[in-house]
Amino acid sequence: VPATRVELTVSCRHLLDRDTFSKSDPLCVLYTQHPGSHQWREFGRTEVIDNSLNPDFLHKFVLDYCFEERQNLRFDLYDVDSKTPDLSKHDFLGQAFCTLGEIVGSAGSRLEKPLIGIPGKKCGTIILLAEELGNCRDVATLQFCANKLDKKDFFGKSDPFMVFYRSNEDGTFTICHKTEVVRNTLNPVWAAFAIPVRALCNGDHDRAIKVEVYDWDRDGSHDFIGEFTTSYRELAQGQSHLNVYEVVNPRKKMKKKKYLNSGTVTLLSFAVEAEHTFLDYIRGGTQLNFTVAIDFTASNGNPSQPTSLHYLSPFQLNAYSLALRAVGDIIQDYDSDKMFPALGFGAKVPPDGHVSHEFPLNGDASNPACRGIAGVLEAYQHSLRRVQLYGPTNFAPVVNHVARSAATVLDGSQYFVLLIITDGVISDMAQTKEAIVNAAKLPMSIIIVGVGQAEFDAMVELDGDDIRISSRGKVAERDIVQFVPFRDYMSGGPGAGLSMAGLAREVLAEIPDQLLSYMKARGIKPPPIPPMSPETP
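Procedures and definitions
- Residues numbered from 1 in each chain as written.
- Predicted model: local features only at pLDDT ≥ 70, side-chain atom pairs only at ≥ 80, totals over all residues.
- Heavy atoms only, no water.
- Domains from an automatic or database assignment.
- Buried area = accessible area lost by both parts, 1.4 Å probe.
- Salt bridge = Lys/Arg side-chain N within 4 Å of Asp/Glu carboxyl O.
- Polar contact = N/O pair within 3.5 Å; in protein donor to acceptor, adjacent residues only side chain to side chain.
- Helix = DSSP H or I, 4+ residues; strand = E, 2+ residues; numbered from the N terminus.
- Pairing = 2+ DSSP bridges.
- Axes fitted to C-alpha atoms, helices over the stretch in contact; angles between N-to-C directions.
- Buried < 20%, exposed > 50% of the residue type's maximum accessible area, 1.4 Å probe, protein only.
- Phe/Tyr/Trp six-rings, centres within 6.5 Å; stacked < 30°, edge-to-face > 60°.
- Lys NZ or Arg CZ within 6 Å of the ring centre and 35° of its normal.
- Arc of directions from axis to C-beta.
- Contact = heavy atoms within 4.5 Å.
- Parallel < 35°, antiparallel > 145°, perpendicular 65-115°, else oblique.
- Left-handed = near helix turned anticlockwise from the far one by under 90°.
- Nonpolar A, V, L, I, M, F, W, Y, C, P; charged D, E, K, R; others polar.

Novice: How should the domain arrangement of the protein be read in this particular structure?
Specialist: The figure often quoted for interface size is the accessible area lost as the parts come together. Segmentation of the protein into domains returns domain 1 (4–133), domain 2 (138–274) and domain 3 (307–522). Buried surface at the junction of domain 1 and domain 2, summed over both partners, amounts to about 910 Å²; 47% is from carbon and sulfur atoms. On the surface where domain 1 and domain 2 come into contact, there are 3 salt bridges. Residues glutamate 7 and arginine 166 are paired through a salt bridge, measuring 3.0 Å at the closest nitrogen-oxygen approach. One can count 5 residue pairs in polar contact (both at pLDDT 80 or more) joining domain 1 with domain 2. At the level of secondary structure, the elements contributing two or more residues to the side of domain 1 that touches domain 2 comprise β1 (4–13) and β8 (125–132).

Quick look at the structure:
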């Protein structure tokens, strides 16, 4: 269990200007390393800030802080020139390396480092601020409007937006929310927004919250209209005469004797509710149902040859068995009956040799469940000797197989996870996309582990992290697919156990959020934890 979670806020100063006619549009990408690995993996990206060499990024990185691990971090900055997620298409602005411990251990947990990486150029500095997240899980929903704001535009009225800052222990401020821009009005009504209470005040209800009101300008030089301060405790009183704020521009106030304000901002509504976690649902009794589907197509190679991905060596497990063990060993803790349906696809099956895309590994079509991960491994090895590897490679039948089960339990008491292990050469891309878009409405997630050395472009597309998957114009309502290439974890030798733990972590990382996104979309709350009866120890 990680000791604590830490939120990183990123700012930069004096970035290189890579745009000819305007300033750079910076984006920061964070990379991390798995323990024991030297390979950098992308952890996340901030938003892009237009026209700024001194960006304060709003997107925070939330990391598990493990005191006993050296957690290496790398921050790369890019000037974004187009919509593509491909970083090689954007201008590199420099990078910085540090460890999470280095940031946390700096004075005020604030680390400032020069950006490096472009020979002969000063690339500016990066400022990293770490704040430990309190365990407050409340989310507040707020809505504001304003009246009679100052007119800042020569031709039209103003285009107002607000920026919220929480104050830190040392009296500085950290940005925590930006409203949308309401165009051409001095009396805007902004949309309601939800924000974690800890982001507003880090759990301290009396801590100052500063709000600045601006008039938006296309070139990034937004005009300051004025500001006010409040606190969570004040806002929590909801709509009342106390929650009407004068927007004041201190420079105008100093200059003009008769200056009153630059308009007012009114809180229209305030509500707060607890944000539920994955563990709340697990504690409340939600069961994970784990189904395995294994690729038995001929592209895996003849199982009797040592070069085959399905080769059963008396001395070591093959890639299919290793991947199955790594993921299954963790997920079985959340499945009370430890019975796992196991299917194969893409083989000719006895007795008549027809090609099947969802055959039971244990040979029992009425009940394909195997006892424990050991039972699945046994059924898999038994099947390999019974069936003939063939093709094509169709995923849709096994996805639909699990979706049919998931569609019968929509109340949140069960959540289905399908693990597909494949060499990645897919034949029914269109049908699989359609099946995934339909499955995204159901309580299920799909994990794809790619074995072998193929190019896994199609699998990355199904993953939908960068571009949400769609079929016939319908976009999946949730991202439910996680793809991981097995070769990234194949260290063999004595470190194999460690890399398998890494594989399991990577594969299962998205499941909690995917389960939460289903529960949230359906408005399902975790049941209260049943009280312990006296006889249970």
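Novice: Teacher, can you tell me more about the sheet that holds strand β9 (residues 138–147) here?
Specialist: The strands making up a sheet are joined through hydrogen bonds of the backbone, oriented either antiparallel or parallel. On the basis of which strands lie adjacent, the open sheet formed by 4 strands has the order β12-β9-β16-β15 and antiparallel pairing. In this open sheet, the two strands that pair with only one neighbour each are β12 (193–196) and β15 (244–246). For this sheet the average axis-to-axis angle between neighbouring strands, irrespective of direction, equals 35°. The pairing of β9 with strand β16 (residues 264–274) spans 10 bridges and is antiparallel. Bridge pairing in β16 places valine 139 opposite glutamate 273.

Novice: Please clarify how the sheet that holds strand β20 (residues 354–356) should be interpreted in this entry.
Specialist: Pairing is antiparallel across the open sheet formed by 3 strands, whose spatial order is β20-β19-β23. Edge positions in the sheet fall to β20 and β23 (388–389), since each has one partner strand and no second. Pairing of strand β19 (residues 347–349) with β23 involves 2 bridges; the strand directions are antiparallel. Looking across to β23, one finds that lysine 348 is bridged to glutamine 388.

Novice: Help me out: how do you make sense of unusual backbone geometry in this one?
Specialist: Most peptide bonds take the trans configuration, and most residues that are not glycine carry a negative phi. The residue after proline 350, namely proline 351, is reached through a cis peptide bond having omega 0°. For proline 351, the position within the fold is in the loop between β19 and β20. Positive phi, normally seen in glycine, also occurs at lysine 338, with a value near 55°. With relative accessibility at 30%, the residue lysine 338 sits in the partly exposed group.

Novice: Explain the pairing of β16 here, please?
Specialist: Remark: a regular strand shows side chains that alternate across the two faces of the sheet. Sheet topology places β15 next to β16; 3 bridges connect them, and they run antiparallel. Looking at β16, one finds that glutamate 246 is bridged to threonine 264.

Novice: How should I be thinking about the packing of aromatic side chains in this particular structure?
Specialist: Given two aromatic rings, their pairing is described by the distance between the two centres and the angle made by the two planes. What the rule picks out here adds up to 16 aromatic pairs. Both rings, one in phenylalanine 144 and one in phenylalanine 164, keep their centres 5.5 Å apart while their planes meet at 45°; by these two values the pair is tilted. Taken together, the positions of phenylalanine 144 in strand β9 and phenylalanine 164 in strand β10 (residues 160–167) put the pair 20 residues apart, joining distant regions of the chain. Each member of the pair, phenylalanine 144 as well as phenylalanine 164, is classed as buried. Taken together, the aromatic side chains of Phe296, Tyr320, Phe359 and Tyr380 make up a single cluster linked through ring pairs. The ring of tyrosine 31 has arginine 74 lying over it, and the distance from NZ or CZ to the ring centre is 3.9 Å. For the cation-ring pair, lysine 210 lies above phenylalanine 173, with the distance from its terminal atom to the ring centre recorded as 4.6 Å.

Novice: Can you help me understand helix α8 (residues 396–406) in this one?
Specialist: Three- or four-residue spacings in an α-helix give side chains the same orientation, since the helix completes a turn every 3.6 residues. Among all positions of α8, only Ala396, Val398, Val399, Val402, Ala403 and Ala406 are buried. Buried positions in α8, seen along its axis, are confined to an arc of 170° and lie on one side of it. Close packing links the buried residues of α8 with β17 (287–295), β18 (339–345), β24 (414–422), α9 (429–439) and β25 (444–450).

Novice: It is not clear to me how α9 should be interpreted in this structure. Could you clarify?
Specialist: Most of α9 sits out of view: 8 of its 11 residues are buried. Met429, Thr432, Lys433, Glu434, Ala435, Ile436, Val437 and Ala439 are the residues of α9 that are buried. Looking at the buried side of α9, the elements it contacts are α8, β25, α10 (457–463), β26 (470–471), β27 (474–475) and β28 (481–485).

Novice: It is not clear to me how the environment of alanine 96 should be interpreted in this structure. Could you clarify?
Specialist: Looking at the element boundaries, alanine 96 is found in strand β6 (residues 91–99). Between the C-alpha atom of alanine 96 and that of methionine 459, which follows or precedes it by 363 residues, the distance is 31 Å. Among all residues touching alanine 96, those that are not within four sequence positions of it are Leu73, Arg74, Phe75, Pro114, Leu115 and Ile126.

Novice: Before we go on, may I ask you to explain the packing of α8 against α9 in this structure?
Specialist: For any two helices packed against each other, the geometry comes down to the angle between their axes and how far apart the axes lie. For the pair α8 and α9, interaxial distance at closest approach is 9 Å and the crossing angle is 15°. Between α8 and α9, the crossing angle belongs to the class labelled roughly parallel. Every pair of crossing elements has a handedness; the one defined by α8 and α9 is left-handed. Seen from α8, the contacting residues are Ala396, Val399 and Asn400; seen from α9, they are Gln431, Thr432, Ala435, Ile436 and Ala439.

Novice: Honestly, the pattern of salt bridges in this entry has me stumped. Any pointers?
Specialist: Side chains that carry opposite charge are capable of pairing whenever their charged atoms lie near each other. Applying the stated criterion to the full structure yields 20 salt bridges. Notably, a salt bridge pairs arginine 5 with aspartate 64, separated by 3.0 Å at the nearest N-O pair. One end of the pair, arginine 5, is in strand β1; the other, aspartate 64, is in strand β4 (residues 61–65), and 59 residues separate them in sequence. When its relative accessible area of 46% is taken as the criterion, arginine 5 is described as partly exposed. Of the charged contacts in the structure, one is a salt bridge between arginine 45 and glutamate 42, with a shortest N-O distance of 2.7 Å. Residue class for glutamate 42 comes out partly exposed when judged on its relative accessible area of 40%. Here the residues in one salt-bridge network are Glu7, Glu131, Arg166, Asp204 and Arg207, joined through shared partners.

Novice: What is the right way to look at the packing of helix α6 (residues 319–331) against helix α7 (residues 372–386) in this model?
Specialist: In the contact formed by α6 and α7, the axes pass within 10 Å of each other and the chain directions differ by 160°. In terms of orientation, α6 and α7 fall into the roughly antiparallel class. Note that α6 runs across α7; the crossing there is right-handed. Mapping the contact onto sequence places Tyr320, Ser321, Leu324, Arg325, Gly328 and Asp329 in α6 and Ile373, Val376, Leu377, Tyr380 and Gln381 in α7. Split into classes, the residues belonging to the contact of α6 with α7 amount to 6 nonpolar, 3 polar and 2 charged.

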